[in-house]
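Examination of the molecular architecture
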Amino acid sequence: MAGTKTFTMIKPDATAAGNTGKIIDRIIQAGFSIVEMKWTTLSNDQAKKFYEVHAERPFYGELVEYMTSGPIVAAVLEKDNAVEDYRTLIGATNPKEAAPGTIRAEFAESIAANAVHGSDSDENAKIEGDFFFA
Ligand code: UDP
Ligand code: MG
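A short tour of the structure in this document, coming up. Computed from a predicted model, the values in this text were never measured in an experiment.

The rules we used
- Residues numbered from 1 in each chain as written.
- Chains lettered and ligands numbered in written order.
- Predicted model: local features only at pLDDT ≥ 70, side-chain atom pairs only at ≥ 80, totals over all residues.
- Heavy atoms only, no water.
- Helix = DSSP H or I, 4+ residues; strand = E, 2+ residues; numbered from the N terminus.
- Rg over C-alpha atoms; globule rule 2.2 N^0.38 Å.
- Buried < 20%, exposed > 50% of the residue type's maximum accessible area, 1.4 Å probe, protein only.
- Contact = heavy atoms within 4.5 Å.
- Areas by Shrake-Rupley, 256 points an atom, 1.4 Å probe, with all protein chains shown as cover.
- Lys, Arg positive; Asp, Glu negative; His and termini not counted.
- Charge placed at Lys NZ, Arg CZ, Asp CG, Glu CD.
- Core = buried A, V, L, I, M, F, W, Y, C linked by side-chain atoms within 4.5 Å.

1. Some words on the overall build of the protein chain
The number of helices and strands found in the protein chain is 7 helices and 4 strands. Shown N-terminal to C-terminal, the secondary structure of the protein chain runs as helices and strands in the order β-α-α-β-α-α-β-α-α-β-α. Against the 2.2 N^0.38 benchmark of 14 Å for 134 residues, the protein chain shows a C-alpha radius of gyration of 14 Å, consistent with a compact globule. Each principal axis of the C-alpha distribution contributes one length, and for the protein chain these read about 35 × 30 × 25 Å. The buried share among the 134 residues of the protein chain stands at 43%. Within the protein chain, counting contacts between residues at least 6 apart in sequence, those at least 24 apart form 76% of the total. If you sum the accessible surface of the protein chain, you get close to 7100 Å²; carbon and sulfur atoms cover 51% of it. When the 13 positive and 20 negative side-chain charges of the protein chain are each reduced to one mean point, those points stand 2 Å apart.

2. Considering the environment of I90
With respect to the secondary-structure elements, I90 resides in helix α5 (residues 82-90). Residue I90 is classed as buried on the basis of its relative accessible area, which comes to 0%. The spatial distance from the C-alpha of I90 to the C-alpha of R104 is 5.4 Å, given a sequence separation of 14 residues. With sequence-adjacent residues up to four places away left out, I90 is seen in contact with T102, I103, R104, V116, H117 and G118.

3. Describing the nonpolar core
Counting 18 residues, the largest nonpolar core has I10, I23, I27, F32, Y86, I103 and V116 as the members making the most contacts within it. Those elements giving two or more residues to this core turn out to be α2 (20-29), β3 (72-78), α5 and α6 (103-107). Among the elements that make up this core, the one with the highest residue count is α5 (4 residues). I103 has contacts with I23, R26, I27, L89, I90, A108 and V116, leaving out every residue within four places of it along the chain. Judged by nonpolar contacts, the second largest core, of 17 residues, contains L42, L63, V64 and A113.

Scope: geometric values only; no functional claims are made or implied.
Here it is as structure tokens:
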């Protein structure tokens, strides 16, 4: 059975552009409740650890630099089928491929600065939520 929780971050491009409130509104309108939420700035070590699975990818260094470039909002969200429904709400990683009406289609600047994070599995939702809120 699909889990009821997922983890998100509103990324530095979106907080800098003043889109935090609009994105939170979209999340709530889509039926998610906020279980935990925190405005914070990632240290270099935190960003490296959070994205460790991508350590071998060519964009890892830039990703860490970008994710530490300004404040983020970290949150645990609750809804039936949370992980899958949230990935649908945010859209594809590359905003050029994100479906119309998705958060990334509306707010992302680029494939790197793509406005939001969303967990990709129940297992990672738990790991990522605990990373900020254990
Ligand atoms: N990313 C990037 N370049 C790429 C692919 C990904 O900068 O070619 C960044 C982007 O910010 C993305 C994050 O790395 O959100 C994690 O990548 P993943 O493939 O897990 O995408 P997501 O799960 O966020 O859609
Ligand atoms: Mg991912």
